[in-house]
Amino acid sequence: MNPYFILDTVAMTNGVHKQFDCTDCHSSEYATYPHNGNLKLEPLSTCLDCHGGDESFAKYKFDQIQEEVNKSVHYKVYGENFGCSKCHSQHTYVTTARNSDNVLEIVDNDNKMCLSCHNDMKKYKLVSGHENPKLVEVHDWLPNQELHFRHVRCVECHTEVIDSLMVSHNILGKDHAVKKCVECHTANSRLKASLYKYENLQKRSEKGGIHIVLSNSSYMIGTHQSPLLKLLSFLIFFAVLSGIIIHLLFRIFKK
Amino acid sequence: MGTTEKIYFYPVWLRIWHGINALGIIILIITGISMQSSLDSPLIGFSLAVNLHNITGIVILLSYLFFFIGNIVTKNGKYYLIKAKGFFQNPIKQSVYYAWGMFHGSKPPFPLSQKRKFNPLQKYFYVLVMYIAVPIVIITGIALLFPELIIEEAYGFSGLFLTAILHSAVGFFISIFLIIHIYMSSIGKSPFDNFKSIISGWHHL
């Protein structure tokens, strides 16, 4: 039997929908095994049928996410066929980004969603109908590629970041991806929004120490990330320069 | 004044080192500033700045080793020794000369000779730069080239971040030194005399 058709039951009992029976979403005929293959064609509820417009899920902003997805390159090319479950397996999904206290784990988890297609030749071709570009090659221009891949989520560069969502869902086409180092490696880093949010959540969950507050604005490399040092360096530079000019004037006029 | 006294202060090896070092440090400062302010100017693109900074850094490491060993095997090293006697008074005396005395007809308190190549203030700054600052930027620079060498976290701060801050802060100190160094070099027999000396090797008293 096709292994893709068998659910990982352990993952499912760890997932967010663990309290549901199969037949809560699927036809009652799923109660018997083996079930008819045609059942795969049954019409299913969409995620928003349960999650949309519901106060108890308001903090997850499902409706806003759907609006964002509708603008994304995935939706533009594949339309309704590209539902939430293409990235978020309804059977095994875990809310890692919200609950983990480890950035690396969040990055790894979120990137796996993209990589499950974009790094899988068969699956990618099945959906898109064309060859999968090799990720390592198309990101050839990126310095320290491996380091970036481990520490930064794909979506940080491949979406239009908006503050109001934890993870932006407007995935942009490759032509609109961030390619300038400056966009992240400056005082006004585009990563700030998501990092701030993460740190803020950490603080509230009381898992993070005081250093999270201290290092708030100094996440990326470079002294210009530290406003105090930046100011200090300008002051010293101009003090030295004025000292030299004054001394020089004395040398010229006094003797 | 054709018959002025002159001393052969700067042997060939030292002049070669000084030239390489000067060029290297200037390249490192320019590329360093352009990287840390994330300038992606058409003149020096970001990736060019990174590559140039890395390569020049290695060159400076080698040239530093050359300088360090040179100062051990030749007599040049002894000019950098600081004595306990007059540890504070001597550099202060020299500073007073620069700020006051030289405009009031005083003679330099520490005239240069075969035995004294640097005045006390100058010596302190050279020691600070060559035996403390440059080794720090070299070590932190190597660490930034091989980030896996850096401890992950210190007092809650990322080790990588602290290393980067130290590297750029000390790099900034060296840039300030360079500005002062060049300016002070113009205080000589004539404004350009010292610059000629470091090329010819002969210092005019």
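Calculation rules
- Residues numbered from 1 in each chain as written.
- Chains lettered and ligands numbered in written order.
- Predicted model: local features only at pLDDT ≥ 70, side-chain atom pairs only at ≥ 80, totals over all residues.
- Helix = DSSP H or I, 4+ residues; strand = E, 2+ residues; numbered from the N terminus.
- Buried ≥ 20, exposed ≤ 12 C-beta atoms within 10 Å, placed from the backbone.
- Axes fitted to C-alpha atoms, helices over the stretch in contact; angles between N-to-C directions.
- Parallel < 35°, antiparallel > 145°, perpendicular 65-115°, else oblique.
- Left-handed = near helix turned anticlockwise from the far one by under 90°.
- Contact = placed C-beta atoms within 7 Å.
- Nonpolar A, V, L, I, M, F, W, Y, C, P; charged D, E, K, R; others polar.
- pLDDT = per-residue confidence, 0-100.

Enquirer: Looking at this structure, I do not really get the overall build of chain B. What am I missing?
Expert: Broken down by element type, chain B carries six helices and four strands. Taken from the N to the C terminus, the helices and strands of chain B come in the order β-α-α-α-α-β-β-α-α-β. Each of the 205 residues in chain B was classed as buried or not, and the buried ones make up 18%.

Enquirer: Looking at this structure, how should I read the overall build of chain A?
Expert: Secondary structure assignment for chain A yields 14 helices and zero strands. Along chain A, helices and strands appear, N-terminal first, in the series α-α-α-α-α-α-α-α-α-α-α-α-α-α.

Enquirer: When you look at the packing of helix α2 (residues 46–73) of chain B against helix α4 (residues 120–145) of chain B in this model, what are you seeing that I'm missing?
Expert: Residues and elements named next belong to chain B. Contact geometry of α2 with α4 gives a least axis separation of 11 Å together with a crossing angle of 135°. Looking at the two axes, α2 sits oblique to α4. Between α2 and α4 the crossing geometry is left-handed. Packed against α2, whose contacting residues are N54, G57, L61 and Y64, the element α4 presents V134, I138, G141 and L145 at the interface. A per-class count over the contact of α2 with α4 returns five nonpolar, three polar and no charged.

Enquirer: I would appreciate a short explanation of the environment of K117 of chain B in the present structure.
Expert: Residue and element names in this part refer to chain B. Within the fold, K117 resides in the loop between α3 (89–99) and α4. For K117, a count of 18 C-beta atoms within 10 Å corresponds to the partly exposed category. Sequence separation between K117 and I7 is 110 residues, and the spatial gap between their C-alpha atoms is 9.5 Å. Not counting residues up to four positions away in its chain, the partners in contact with K117 are F9, Y79 and L112.

Enquirer: How should the environment of I198 of chain B be read in this particular structure?
Expert: By the secondary structure assignment, I198 of chain B is in helix α6 (residues 193–200). Along the sequence, I198 of chain B and R15 of chain B sit 183 residues apart, while their C-alpha atoms lie 6.3 Å from each other.

Enquirer: What is the right way to look at the packing of helix α1 (residues 12–36) of chain B against helix α5 (residues 159–185) of chain B in this model?
Expert: Packed helices, taken two at a time, are described by the angle their axes make and the gap between the axes. Residues and elements named next belong to chain B. Between α1 and α5, the shortest axis-to-axis distance is 11 Å and the interhelical angle comes to 130°. As the angle between them shows, α1 and α5 are arranged oblique. Judged by the twist between their axes, the crossing of α1 over α5 is left-handed. On α5, the residues that touch I25, I29, G32 and Q36 of α1 are S168, G171, I174, S175 and L178. Taken together, the residues that form the contact of α1 with α5 break down as four nonpolar, five polar and no charged.

Enquirer: Even after reading the chapter, I still don't get the environment of C22 of chain A, so can you show me in this structure?
Expert: With respect to the helices and strands, the residue C22 of chain A is situated in helix α2 (residues 22–25). Remark: the alpha-carbon pair of C22 of chain A and H91 of chain A, spanning 69 residues in sequence, is separated by 9.5 Å.

Enquirer: Would you take a moment to explain the confidence of the model for chain A for this structure?
Expert: Detailed reading of predicted coordinates is not advised where the pLDDT is low. When pLDDT is averaged across chain A, the result is 81; 83% of the residues are at 70 or more. Scored below 50 in pLDDT, residues 207–219 of chain A shows 20 contacts in the model against residues more than four places distant or in partner chains.

Enquirer: Is there a simple way to think about unusual backbone geometry in this case?
Expert: If a residue is not glycine, its phi is most likely negative; likewise, a peptide bond is most likely trans. All names here are of chain A. Following Y33, the chain continues to P34 via a peptide bond in cis, the omega torsion being -5°. Structurally, P34 is set in the loop between α2 and α3 (47–51). One non-glycine residue, K61, lies in positive phi territory at about 55°. Along the chain, K61 turns up in the loop between α3 and α4 (62–71). Taking the number of C-beta atoms within 10 Å as the measure of exposure, K61 has 16 and is therefore partly exposed.

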